[in-house]
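Coordinates in review
One-letter residues, chain by chain:
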Amino acid sequence: MPERQLDRAAVVAATQEAAALAFASWREGAAADTNVWDKGKNNPVSDIDMAVDAFLITKLRAILPEAAWLSEESADDPSRLNARLLWLVDPIDGTRDYVRGRSGWCVSVALVADGLPVFAVMAAPTQNKVWIAAHGEGVTCNGERLTGSSRLDFIGSRVPADDLPKLDADLVTVTKPNSIAMRMTMVACDRADLVATLRWGHEWDIAAAHLVAQEAGAVVTDALGRPIRYNKSAPKDFGLICCAPGIHLAAVERLSGRAAKILSSP
């Protein structure tokens, strides 16, 4: 943890205020009341993403000035690589759901120390949920302590997905929010057994949810089963596995061939 005591209540309050700021322009079942543009293919961003980012920079830096900063919507400052502490933030994870009036988005805040998340807050105002996790101390959702999935049989595992490839027909789909972080909380809340991706993803997408899931008892690795560390020069990893410990090896085995093929492609 930080050299001086972290004001956890202030971090929680800042995250909730940021979520309220975003929620004020969200419109259920309709386009959000904000300007939206594309950063890349199928990668929207809005004025609200930027406003939440600016709000959190001010609030979180005031709480812990010695921590460096990395977020999806800020220019990357390479000096963060020399910092022991880092705020790792996604102002709105699940922007596609946000701008379309769907509920699968959240504000995601993590404090990283020496490459590992040590404190995390996630707020999903459309669901009236706040997750708070501290390394080695467990995780709560709205004050209730969480215990994640304890599934032992890979076949039949619940996966948040719209559909699954034929190779995974022995798994079971459950409702999928756009936010990868919120899908990971489903494992922490025992509403899913497995979240897996086979693409490059950024650290800010998963840092807070990594700690939430881990403190609920889940295993979180990249798609090849390797540990994930944060504050890398290129802040991304190939793929994700977030699952019950008892099915992690089977998940790695299921994904390894596909992962290798993707990574070896020109």
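Throughout what follows, the structure given in this document is the object of discussion. Everything quoted here is computed from the prediction, not taken from an experiment.

If you add up the space inside the largest pocket, you get close to 820 Å³. Residues that form the lining of the largest pocket fall into these classes: nine nonpolar, 13 polar and 16 charged. Counted as a void, the second largest pocket has a volume near 450 Å³. In terms of lining residues, the second largest pocket is bounded by 21 residues, among which Val159, Leu164, Ala196, Thr197 and Leu198 are the most central. Residue contributions to the lining of the second largest pocket peak at six residues, all from strand β12 (residues 194-202). Looking at side-chain class alone, the lining of the second largest pocket contains 13 nonpolar, one polar and seven charged residues.

Across six bridges, strand β6 (residues 116-124) lies against strand β7 (residues 129-134) in antiparallel orientation. Within β7, the residue paired with Met122 across the bridge is Trp131. The loop that links β6 with its antiparallel partner β7 comprises four residues; one of these, Asn128, has a positive phi angle of about 55 degrees. In this structure, β7 lies alongside strand β8 (residues 138-141), joined through four bridges in antiparallel fashion.

Even without being a glycine, Asn142 presents a positive backbone phi close to 55 degrees. In this fold, Asn142 is placed in the loop between β8 and β9 (144-145). One non-glycine residue with positive phi stands out, namely Asn231, at about 70 degrees. Looking at Asn231, the relative accessible area reads 14%, which means it is buried.

Before going further, it helps to spend a moment on the sheet that holds strand β13 (residues 219-221). Each strand in a sheet pairs with another by means of backbone hydrogen bonds, the pair being arranged parallel or else antiparallel. Reading across the sheet, the three strands line up as β12-β14-β13 and stay open at both edges, with antiparallel pairing between neighbours. If you trace the sheet from one side to the other, it starts and ends with β12 and β13, each paired once. Each strand axis lies, on average, 15 degrees off the axis of its neighbour in the sheet, ignoring direction. With three bridges connecting them, β13 and strand β14 (residues 236-243) associate as antiparallel partners.

The geometry of a pair of packed helices is captured by two quantities: the angle between their axes and the separation between those axes. Remark: helix α1 (residues 8-23) packs on helix α2 (residues 47-63), axes separated minimally by 10 Å, with the N-to-C direction vectors making an angle of 165 degrees. Looking at the two axes, α1 sits roughly antiparallel to α2. Helix-helix and strand crossings are classified by hand; for α1 and α2 the assignment is right-handed. For the pair formed by α1 and α2, the contact residues are Ala10, Val11, Ala14, Thr15, Glu17, Ala18, Leu21 and Ala22 on the first element and Ile48, Ala51, Val52, Phe55, Leu56, Lys59, Leu60 and Ile63 on the second.

In summary, soluble globular proteins display a tendency toward joint burial of nonpolar side chains. The biggest cluster of nonpolar side chains holds 39 residues, and the ones touching the most others in it are Leu88, Met122, Leu240 and Cys242. Of all the elements, helix α5 (residues 203-215) adds the most residues to this core, at eight residues.

This part covers the packing of aromatic side chains. Aromatic ring pairs are reported here in terms of the distance separating the ring centres and the angle at which the planes meet. Here the structure, examined in full by the defined rule, presents four aromatic pairs. Between Tyr98 and Trp105, the ring centres sit 4.8 Å apart and the planes meet at 90 degrees, which makes this aromatic pair edge-to-face. According to the relative accessible area criterion, Tyr98 is buried, its value standing at 0%. Between Lys232 and the ring centre of Tyr230, over which it is positioned, the NZ or CZ distance is 5.9 Å. Residue placement shows Lys236 over the ring face of Trp200; its charged tip is 5.7 Å from the ring centre.

A few words on the sheet that holds strand β3 (residues 68-71). Pairing is mixed across the open sheet formed by seven strands, whose spatial order is β3-β4-β5-β6-β7-β8-β9. The open sheet is flanked by β3 and β9, the only strands paired with a single partner. Note that β3 and strand β4 (residues 85-93) share four bridges and pair parallel. The partner of Ala68 across the bridge, within β4, is Leu86. Of the strands in this sheet, β3, β4 and β5 (106-113) are in contact with α2, which crosses β4 at around 155 degrees. Along the sheet face, helix α4 (residues 180-188) touches β4, β5, β6 and β7 and points at about 100 degrees away from the line of β6.

Thresholds applied
- Here the residue index of a chain counts from 1 through its sequence in written order.
- Residue-level local features of this predicted model are given only where pLDDT is at least 70; pairs of side-chain atoms are given and counted only at 80 or more, and the full residue set underlies all totals for whole chains, interfaces and linings.
- Side-chain numbers come from the whole structure's heavy atoms, not from hydrogens or water.
- A pocket, in this scheme, is an open set of points on a 1 Å grid over the protein atoms alone with protein on both sides within 12 Å along at least 5 of 7 lines, while a cavity is a set where a 1.4 Å probe fits but cannot get out; residues line either one if an atom lies within 4 Å of a point.
- Grid points are joined across faces, edges and corners, and a volume is the space filled by probe spheres set on the points.
- Three classes are used: nonpolar for Ala, Val, Leu, Ile, Met, Phe, Trp, Tyr, Cys and Pro, charged for Asp, Glu, Lys and Arg, and polar for all others, with Gly counted as polar.
- What counts as a helix is a DSSP run of H or I of at least four residues, what counts as a strand is a run of E of at least two, and both are numbered from the N terminus.
- DSSP bridges decide pairing: two strands pair if at least two such bridges lie between them.
- When accessible area is computed with a 1.4 Å probe and restricted to protein chains, residues below 20% of their type maximum are described as buried, those above 50% as exposed, and intermediate ones as partly exposed.
- Comment: axis = line fitted to C-alpha atoms, over the contacting stretch for helices; angle = value between 0 and 180 degrees taken between N-to-C directions.
- Should an angle lie under 35 degrees it is considered roughly parallel, over 145 roughly antiparallel, and from 65 to 115 roughly perpendicular; all remaining angles are considered oblique.
- By definition, turning the near helix anticlockwise from the far helix through less than a right angle yields a left-handed crossing, and turning it clockwise yields a right-handed one.
- Any two residues having at least one pair of non-hydrogen atoms within 4.5 Å are treated as being in contact.
- The nonpolar core is taken to be a set of buried Ala, Val, Leu, Ile, Met, Phe, Trp, Tyr and Cys residues, with the residues joined through side-chain atoms within 4.5 Å.
- Stacked, tilted and edge-to-face are the three classes assigned to paired rings of Phe, Tyr and Trp, where Trp is represented by its six-membered ring and a pair needs centres within 6.5 Å; plane angles under 30 degrees give stacked, over 60 edge-to-face, the rest tilted.
- Look at NZ for Lys and CZ for Arg. If either is within 6 Å of the ring centre and within 35 degrees of the ring normal, a charge sits over the ring.

Note that all results are geometric; they support no functional claim without further evidence.
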